Amino acid sequence: MHHRRWLSVLVLVVVVGIGFPDARAQEPRPAAAKNAENVILFLVDGLRRQEVFAGADQTLMNKENGVSDLEAAKREYWRDTPEARREALMPFFWKTLVRQGQVFGNPDKGSVVRVSNAFRISYPGHSEMLVGYADPRINSNDAVPNPNVSVLEWLNRRPAFRGRVAAFGMWDVVAAILNRERCGFYVNGGYEPVTQGPITPRQELLNQLKAELPPNCRKGDYDALLFYSALEYFKTNKPRVFYIAFDEIDACGHAGRYGDYLEAARRTDRLIGVLWQTVQSMPEYRDTTTLIVATDHGRGSGAEWKSHGEKIAGAENVWVAAIGPGVPPLGERANVEPLTLAQVAATVAAAVGEDYRAAVPQAAAAIPLTPQKAD
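What you see is a predicted model, and the numbers here were worked out from it, not measured in a lab.

Reading the values: rules and limits
Residues numbered from 1 in each chain as written. Predicted model: local features only at pLDDT ≥ 70, side-chain atom pairs only at ≥ 80, totals over all residues. Heavy atoms only, no water. Pairing = 2+ DSSP bridges. Helix = DSSP H or I, 4+ residues; strand = E, 2+ residues; numbered from the N terminus. Buried < 20%, exposed > 50% of the residue type's maximum accessible area, 1.4 Å probe, protein only. Contact = heavy atoms within 4.5 Å. Salt bridge = Lys/Arg side-chain N within 4 Å of Asp/Glu carboxyl O. Phe/Tyr/Trp six-rings, centres within 6.5 Å; stacked < 30°, edge-to-face > 60°. Lys NZ or Arg CZ within 6 Å of the ring centre and 35° of its normal. Core = buried A, V, L, I, M, F, W, Y, C linked by side-chain atoms within 4.5 Å. Axes fitted to C-alpha atoms, helices over the stretch in contact; angles between N-to-C directions. Parallel < 35°, antiparallel > 145°, perpendicular 65-115°, else oblique. Nonpolar A, V, L, I, M, F, W, Y, C, P; charged D, E, K, R; others polar. pLDDT = per-residue confidence, 0-100. Lys, Arg positive; Asp, Glu negative; His and termini not counted.

A. Here's a closer look at the sheet that holds strand β11 (residues 339-340). One open sheet holds the 3 strands; their spatial order is β8-β3-β11, and the pairing between them is mixed. On the outer flanks of this sheet lie β8 (317-318) and β11, each paired with one strand and no other. Bridge count between strand β3 (residues 113-114) and β11: 2 bridges; the pairing is parallel. Residue pairing for β11: Val113 is matched across the bridge by Leu339.

Written out as structure tokens, the structure is:
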């Protein structure tokens, strides 16, 4: 606890120093163009669709699942309806992102999104999402350089995006998933210092915080440190294609700490909101940027909520959301054809007017964000 208080104080200092964009940026704005000029892909590792669409799970809010103060947890997260619970857990997601954009993955509304890989773990999920198809060779979480080219690498090879792509991942295996040695764009993993582009005083402080975390804290995942480091890089270097991958929610899930899992989900929601406010506060990005948010795998139910993998029922179920130009504000999509996580890659490219599938025929088609008929 002492180390966590120490870290919290330092992170608070950084956050206060960085500041927040004008809250007015959250106000609804019409799409500026058919295609965006920029795209951000935000991965939330291991967040179940149950919490996304129905909020806190009452069957897991107990001491056996690491919720020490049940009354406090109920005050924070429990509401009478799924709609109220999910807004309590993820207010930015439901009050801004979904209202102004779209979300897929609620089977109760006739919308299903699944992974197409058989393994239902992180590396295969990341890779499927980024390259557009499941590769059976990617069957573990070992940090083996990905032989497949991601949509990020493909875009970086296009003249309009060359040198304007970057990625930050809390899980250090992200560097292998993107094949940092080959991909040709900046990839920052885990607690690595930022070394590319102008290093502002804020970035220097964030680099120092990463370097001086106590050794025992390195076993944990502090997404906030990665996020503010990524945000500072974003503001300074102004990439057109940007990837952020969080890991804290999945770590809390594996540890069986449902209270911490809920807190991490709410914190992630808040940070996605900060990112979107930043985007809308910058002239280079305002109304010209699409944000896509997804997860890499689901989790089990009941006693298996802590786990995922090929033997865990429900771990194949995921969700995808988007907001920005070219994303009509259709909200929670209903009665649509089943989707796969593999469709995210082509969707990222399509957001900025590029046809990924034409170059990579084995990739899945982009998600149809403009339906032929009303849902």
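B. Representation of the environment of Glu284. In this fold, Glu284 is placed in the loop between α13 (258-281) and β7 (289-294). Assessed through its relative accessible area of 37%, Glu284 is described here as partly exposed. In this structure, the C-alpha to C-alpha distance between Glu284 and Lys235, residues 49 residues apart in sequence, is 9.9 Å. Contact partners of Glu284, with chain neighbours within four places excluded, come to Asn38 and Lys238.

C. Broad picture of the pairing of strand β5 (residues 186-189). Along β5, one buried face is formed by Tyr186 and Asn188 and the opposite face, lined by Val187 and Gly189, is buried too. Two strands pair when backbone bridges link them, and strand β4 (residues 165-169) and β5 are joined in this way by 4 bridges, in the parallel orientation. Paired with Phe168 across the strands is Asn188, a residue of β5.

D. Seen up close, the pattern of salt bridges. Enumeration over the complete set of coordinates arrives at 17 salt bridges. One salt bridge in this structure joins Glu192 and Arg180, with 2.8 Å as the shortest N-O distance. One end of the pair, Glu192, is in the loop between β5 and α10 (201-211); the other, Arg180, is in helix α9 (residues 180-183), and 12 residues separate them in sequence. Within this structure, Arg48, Glu51 and Asp57 form a network of salt bridges that share partners.

E. Here's a closer look at helix α14 (residues 343-351). Within α14, 8 of the 9 residues are buried, which leaves it mostly tucked inside the rest of the structure. Along α14, the residues that are buried comprise Gln343, Val344, Ala345, Ala346, Thr347, Val348, Ala349 and Ala351. Count one or two residues on from α14 and you reach Gly353, which has phi positive near 80°.

F. Inspection of the packing of aromatic side chains at higher detail. Going through the model one piece at a time under the given rule, you end up with 17 aromatic pairs. Taking 5.8 Å as the distance between ring centres and 85° as the angle between the ring planes, the aromatic pair formed by Phe93 and Trp319 counts as edge-to-face. Pair noted here: Phe93 is in helix α5 (residues 91-100) and Trp319 is in the loop between β8 and β9 (320-323), with a separation of 226 residues, a long-range link. Each member of the pair, Phe93 as well as Trp319, is classed as buried. Grouped by ring-pair contacts, the aromatic residues Phe168, Tyr186, Tyr233, Phe234, Phe242 and Tyr285 constitute a single cluster. Sitting over the face of the ring of Trp94, Arg86 holds its NZ or CZ atom 3.6 Å from the ring centroid.

G. Expanded view of the sheet that holds β4. Taken in spatial order, the 8 strands of this open sheet run β5-β4-β6-β1-β7-β9-β2-β10, and their pairing is mixed. Strand pairing shows two members of the sheet lacking a second neighbour, β5 and β10 (331-332), which therefore form its edges. As paired elements, strand β2 (residues 102-104) and β9 share 3 bridges and run antiparallel to each other. Looking across to β9, one finds that Val103 is bridged to Ala321.

H. Examining the nonpolar core more closely. With 63 residues, the main nonpolar core has Phe42, Phe93 and Leu291 as its most contacted residues. Those residues within four positions of Phe42 in sequence are excluded, and the remaining contacts are Phe227, Ile244, Phe246, Thr268, Ile272, Leu275, Leu291, Ile292, Val293 and Ala294.

I. View of the packing of helix α11 (residues 223-237) against α13. One way to put it is that α11 packs onto α13 with a least axis distance of 11 Å and a crossing angle of 5°. The angle between the axes of α11 and α13 places the two elements in the roughly parallel class. Side by side, α11 and α13 meet where Ala224, Phe227, Tyr228, Leu231, Phe234 and Lys235 of the first sit next to Arg270, Leu271, Val274, Leu275, Thr278 and Val279 of the second. Class assignment of the residues belonging to the contact of α11 with α13 gives a composition of 9 nonpolar, 1 polar and 2 charged.

J. Highlighting the confidence of the model for the protein. Per-residue confidence for the protein averages 90 on the pLDDT scale, and 88% of its residues sit at or above 70. Low pLDDT (under 50) marks residues 1-33, which in the prediction has 50 contacts with non-local residues, meaning those over four places away or in another chain.

K. Quick peek at unusual backbone geometry. Phi at Asn179 is positive, roughly 50°, even though this residue is not glycine. Its place among the elements puts Asn179 in the loop between α8 (174-177) and α9. Phi is positive for Asn335, which is not a glycine, with a value near 55°. Tracing the backbone through its elements, the reader meets Asn335 in the loop between β10 and β11.

L. Structural view of the side chain of Asp223. Note on placement: Asp223 falls in helix α11. Among buried Asp, Glu, Lys and Arg side chains, Asp223 stands out as unpaired, with Arg267 the closest opposite charge at 6.7 Å. Among all residues touching Asp223, those that are not within four sequence positions of it are Met170, Phe246, Asp247, Glu248 and Ile249.

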